[in-house]
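Listed below are the residues making up each chain.
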Amino acid sequence: MSDYITLGPTPSDEPCAQVGEELYAQKARAECRRFIKVLRDTFGTEPSGAYLQTKGFPHDYGTYYEVVCHFNPDVPDSIDYAFRLEREAPTEWPDDPGYNGSTPLCPECGDELEMGTSVQLFDFSASDGYRCHACNLLFAHDLTVLARMEG
Ligand SMILES: [Zn+2]
């Protein structure tokens, strides 16, 4: 059997997407993914019996998303990990630009854009902008569409 604790959608002192706002689900899931990455980088990957997940909770106005840490009540390491996260999770995004919430969202679908550093196609280089995997679009820094890639 498994139980879980809730950790919120973002570090506790940081703003987060609000239920009901435009593209809430995409924004919230992207924030949760980023928060899980920060937690794994800070505390290490989950030990056996524990795992981090973006969980949707029913809400009067739609589904609310936040990060949860599942643990197995029979596995002490997984309990320790979950409660250490609850006590010690960072309250702010780290300074690293990969985490700080500045990654823009795709104007087409609302998914999180990938920065040019990891884009290998064409001569698209570190400073060139962003890419949306879902839409196969490349964007300049002002989020104008540079190119549509052939799927
Ligand atoms: Zn997109």
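Residues numbered from 1 in each chain as written. Predicted model: local features only at pLDDT ≥ 70, side-chain atom pairs only at ≥ 80, totals over all residues.

Visitor: So what about the sheet that holds strand β3 (residues 62–71)? Which residues, and what values?
Guide: Here we have 3 strands laid out as an open sheet, ordered β1-β3-β2, and antiparallel in their pairing. The open sheet is flanked by β1 (3–8) and β2 (51–59), the only strands paired with a single partner. In this sheet, adjacent strand axes meet at a mean angle of 45° when their direction is disregarded. Taken together, the 5 bridges between β1 and β3 define a ladder with antiparallel strand orientation. Among the inter-strand pairings, T6 is bridged to a residue of β3, identified as V68. Lying on the sheet, helix α1 (residues 24–43) is in contact with β2 and β3; it crosses β3 at an angle near 15°. Contacts between helix α2 (residues 76–88) and the sheet are confined to β1 and β3, with β3 contributing the most and set at about 130° to the helix. (Pairing = 2+ DSSP bridges. Helix = DSSP H or I, 4+ residues; strand = E, 2+ residues; numbered from the N terminus. Axes fitted to C-alpha atoms, helices over the stretch in contact; angles between N-to-C directions. Contact = placed C-beta atoms within 7 Å.)

Visitor: An account of α2 is requested, with residue identities and associated values reported.
Guide: Helix length check: α2 (13 residues) gives 18 Å between terminal C-alpha atoms against 18 Å at 1.5 Å per residue, within 8%. Listed as buried for α2 are S78, Y81, A82 and L85. Taken end-on, α2 shows its buried residues confined to a sector of 95°, consistent with a single buried face. In α2, the exposed positions angled more than 90 degrees off the buried face are occupied by P76, R84, R87 and E88. In this structure, the buried residues of α2 make contact with β1, α1 and β3. (Expected span 1.5 Å × (residues − 1). Buried ≥ 20, exposed ≤ 12 C-beta atoms within 10 Å, placed from the backbone. Arc of directions from axis to C-beta.)

Visitor: An account of the environment of D142 is needed here, citing residue identities and associated values.
Guide: Within the secondary structure layout, D142 lies in the loop between β6 (137–139) and β7 (145–148). Put simply, D142 and P104 are 38 residues apart on the chain and 9.9 Å apart in space, counted from C-alpha to C-alpha.

Visitor: Describe in detail the confidence of the model for the protein, supporting the description with residues and values.
Guide: Here the protein shows a mean pLDDT of 84. Residues at 70 or above account for 84%. Least confident of the elements in the protein is strand β4 (residues 114–115), whose mean pLDDT is 76; most confident is α2, at 97. (pLDDT = per-residue confidence, 0-100.)

Visitor: Describe the sheet that holds β4, with residues and values.
Guide: The strand order across the open sheet formed by 4 strands is β4-β5-β6-β7, and the pairing between neighbours is antiparallel. A single partner strand is all that each edge strand has here, and the edge strands are β4 and β7. Strand direction decides the pairing type here: strand β5 (residues 130–132) and β6, joined by 3 bridges, are antiparallel. Directly across from C132, in β6, lies its bridge partner L137.

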